[in-house]
Amino acid sequence: MREDELTEQIQPVRGMNDVLPAEIAAWHIIETAAREVLTAYGYQEMRVPLVERTELFQRAIGEYTDVVEKEMYTFVDQGGESLTLRPEGTAGVMRALISNGMLRGQRHKLWCTGPMFRHERPQKGRYRQFHQVSVEAVGFPGPDIDIELIALTARLWKRLGIERVRLEINSLGTPESRRAYREKLVEYLRAHHDELDADSRRRLEGNPLRVLDSKNPDMRALIEAAPVLTDHLDGESREHFQGLCAALEALGIPFRVNPRLVRGLDYYSRTVFEWITDALGAQDAVCSGGRYDGLIGQLGGESTPGIGFAMGIERLVALLTQAGAPAAEPTADVYIVVSGERASAYGLQLAERLRDALPERRVELNLGGGNFKTQFRRADRSGAAVAVILGEDELARGVAAVKPLRHDAGQSESPLPDLAAAIQTALATAVHT
RNA sequence: GUGGACGUAGCUCAGCUGGUAGAGUCCCGGGUUGUGAUCCCGGUUGUCGUGGGUUCGAGUCCCAUCGUCCACCCCA
């Protein structure tokens, strides 16, 4: 290392962000709303490790997906094992259900939140460390559970006041019917190989279904004439999907069937859905998921149907902030201004006594000295509605002054034993004005 | 991994065809020797991202490098 590198300012890791106090209000709103809505639907929170064996993700997500091929934070630990920082939540939760013997014909409605890691180039709404709320339901063959999950998300948006999202759904069918469709599609695309752009030719080899996703306008006619997945569903999947569509209509949840909606992870089957927005630039998926009936069996557990989705907290925060930034929460209800050595020392006791008497109020004591002007400025910045003033003069007389900061009512004095009650009164009137 | 734009005070930014670094905000002090937010006055803050080159002289031009943002790819 060069010497001047030592003095260079330390930098965060690319794509890993700090959430500052000024931004935390939006996170709290989202986390609280999600927890309450999920609880209201009977979902239980669980927590799983951030790190799992690399093999788990390879098997769950699929060897030939972008996530596994080039986006995982993988390292070898001191025991020589290959471990990976989780790039998504479902695999770890499914592993936990298997490890803890929770399957045996049982049903679970679960959710989990925390950071995920993917080594991609950061851009708007996409970070290397990002946060998801991930929701899973296992043991339910559906489609009623599919509908419940979508209704739950719709309720959450309503609760958060998020309006710029719309729902797209599709069915991928069973792995068998998808394989059959895939062959037809490849056949069609090969027949038109000359008309494909470079991107699509590459996708044709890796994941042909993604050719349908091309944004190139020159490809549109070709894509529209291609065989449609929905027309090739097996009977049961078709019925499942029709049940889903009918129920969404009955619930009044608007949706669009997007036959080209193909999820990036291999484990999906039948229902897939995505809430997308036009408000966040290129990263438009706010919440997405689908059914993964084969996954648990594939991981070595007792074959159990499953469905789940993940929502990106950073993207929801961005939507919420765009709709009108939630203000930073004030830090205090009461700010105690002290002057003089004796009053400053006594202030510590007074603050503790007030915290005993008013446990639901935030009581902030001026620390680090400062003249009255400075202290009142701090009181104002703290957001406190009331200042308590304790100077040598008040202390000598056994009183403290109570001054409302948010309206023009004059300040009054209160004997120290009655101070808590006087503060409550002042705070109560502050609310009314 | 590929492409484009941008890095000047803690923060937001100005700085013309190269000629000695600016504003607002924040913070501190004063006006108000014990009363905030408003107003007035004063003050501090810079390796101009980093390294090299051209030049009498570079924040400005050139090259490299690091970083950020946006987009592609992919996805939450």
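In this text the structure is predicted, and so the values were computed from the model without any measurement. (Residues numbered from 1 in each chain as written. Chains lettered and ligands numbered in written order. Predicted model: local features only at pLDDT ≥ 70, side-chain atom pairs only at ≥ 80, totals over all residues. Heavy atoms only, no water.)

Trainee: How should the packing of helix α3 (residues 54-61) against helix α5 (residues 90-99) be read in this particular structure?
Mentor: The relative placement of two packed helices comes down to the angle between their axes together with the axis-to-axis distance. At their nearest, the axes of α3 and α5 sit 10 Å apart, and the two run at 105° to each other. As summarised for this structure, α3 and α5 are arranged roughly perpendicular, according to the angle between their axes. The segment α3 lies against α5, with L56, F57 and A60 engaging A91, G92 and R95. Here the residues of the contact of α3 with α5 are counted per class, giving 4 nonpolar, 1 polar and 1 charged. (Axes fitted to C-alpha atoms, helices over the stretch in contact; angles between N-to-C directions. Helix = DSSP H or I, 4+ residues; strand = E, 2+ residues; numbered from the N terminus. Parallel < 35°, antiparallel > 145°, perpendicular 65-115°, else oblique. Contact = heavy atoms within 4.5 Å. Nonpolar A, V, L, I, M, F, W, Y, C, P; charged D, E, K, R; others polar.)

Trainee: Would you take a moment to explain the nonpolar core for this structure?
Mentor: In this structure, Y43, I150, W157, I169, W275 and M311 are the most contacted members of the largest nonpolar core, which totals 48 residues. For this core, the element with the most residues is helix α6 (residues 144-160), which contributes 10 residues. Those residues in contact with Y43 that lie beyond four places of it in its chain are L38, K109, L110, W111, V135, E136, I145, E148, L149 and L152. (Core = buried A, V, L, I, M, F, W, Y, C linked by side-chain atoms within 4.5 Å. Buried < 20%, exposed > 50% of the residue type's maximum accessible area, 1.4 Å probe, protein only.)

Trainee: Can you help me understand the confidence of the model for chain A in this one?
Mentor: In low-pLDDT regions, the fine details of the predicted coordinates are not to be read closely. For chain A, per-residue confidence averages 89 on the pLDDT scale, and residues scoring 70 or more make up 97% of the total. Low pLDDT, under 50, characterises residues 1-7; the predicted model gives this stretch 1 contact beyond four residues in sequence or across chains. Note on the complex model: pTM 0.89, ipTM 0.85. (pLDDT = per-residue confidence, 0-100.)

Trainee: Would you mind showing me how to read the pairing of strand β10 (residues 285-291) here?
Mentor: The side chains of a regular strand alternate between both faces of the sheet. Most of β10 sits out of view: 7 of its 7 residues are buried. Looking at chain direction, strand β9 (residues 269-277) and β10 are connected through 6 bridges and run antiparallel. Its bridge partner lying in β10, E274 is registered against S288. Bridge analysis of β10 against strand β11 (residues 306-312) gives 5 bridges, and the strand direction is antiparallel. Looking across to β11, one finds that R291 is bridged to I307. (Pairing = 2+ DSSP bridges.)

Trainee: Sorry, what's going on with the environment of R397 here?
Mentor: Take R397: it is sitting in helix α15 (residues 392-397). Owing to a relative accessible area of 45%, R397 belongs among the partly exposed residues under this scheme. Sequence separation between R397 and R121 is 276 residues, and the spatial gap between their C-alpha atoms is 65 Å.

Trainee: Please explain the environment of I307 as it appears in this structure.
Mentor: Structurally, I307 can be placed in strand β11. Exposure remark for I307: the relative accessible area of 0% places this residue in the buried category. Between the alpha carbons of I307 and L251 there is a distance of 20 Å; along the sequence they are 56 residues apart. The residues contacting I307, other than those within four sequence positions of it, are V135, E136, A137, I145, D146, L149, G290, R291 and Y292.

Trainee: Even after reading the chapter, I still don't get the sheet that holds strand β14 (residues 386-390), so can you show me in this structure?
Mentor: By way of backbone hydrogen bonds, the strands of a sheet pair with one another, either parallel or antiparallel. As summarised here, the arrangement of the 5 strands in space is β13-β12-β14-β15-β16, forming an open sheet in which the pairing is mixed. Edge positions in the open sheet fall to β13 (363-365) and β16 (412-415), since each of these has one partner strand only. With direction set aside, neighbouring strand axes in the sheet form an average angle of 25°. In the sheet, strand β15 (residues 399-404) pairs with β16 via 4 bridges, with the strands oriented antiparallel. Each residue of the ladder has a partner; that of A400, found in β16, is S414. Along the sheet face, helix α13 (residues 341-357) touches β12 (334-338), β13 and β14 and points at about 170° away from the line of β13. Packed on one face of the sheet, helix α14 (residues 372-381) meets β12, β14 and β15 and runs near 170° to β12.

Trainee: Where do I start with α5 in this structure?
Mentor: One turn of the α-helix equals 3.6 residues, which is why residues spaced by three or four share an orientation. Of all 10 residues making up α5, 7 are buried, and the element is well covered by its neighbours. If you check which residues of α5 are buried, you get T90, A91, G92, V93, M94, A96 and L97. Those residues of α5 that are buried lie in contact with β2 (51-53), α3, β5 (108-117), β6 (129-138) and α11 (295-298). Following α5 by one or two positions, G101 has its phi on the positive side, about 60°.

Trainee: Help me out: how do you make sense of the sheet that holds strand β3 (residues 73-76) in this one?
Mentor: As summarised here, the arrangement of the 3 strands in space is β2-β4-β3, forming an open sheet in which the pairing is antiparallel. For this open sheet the edge positions go to β2 and β3, each flanked by a neighbour on one side alone. Each neighbouring strand pair of the sheet contributes to a mean axis angle of 35°, computed without reference to strand direction. One ladder, built from 3 bridges, connects β2 with strand β4 (residues 82-85); its direction is antiparallel. Across the sheet, V51 pairs through a bridge with L85, a residue of β4. Lying over the sheet, α3 contacts β2, β3 and β4, oriented at roughly 75° with respect to β2.

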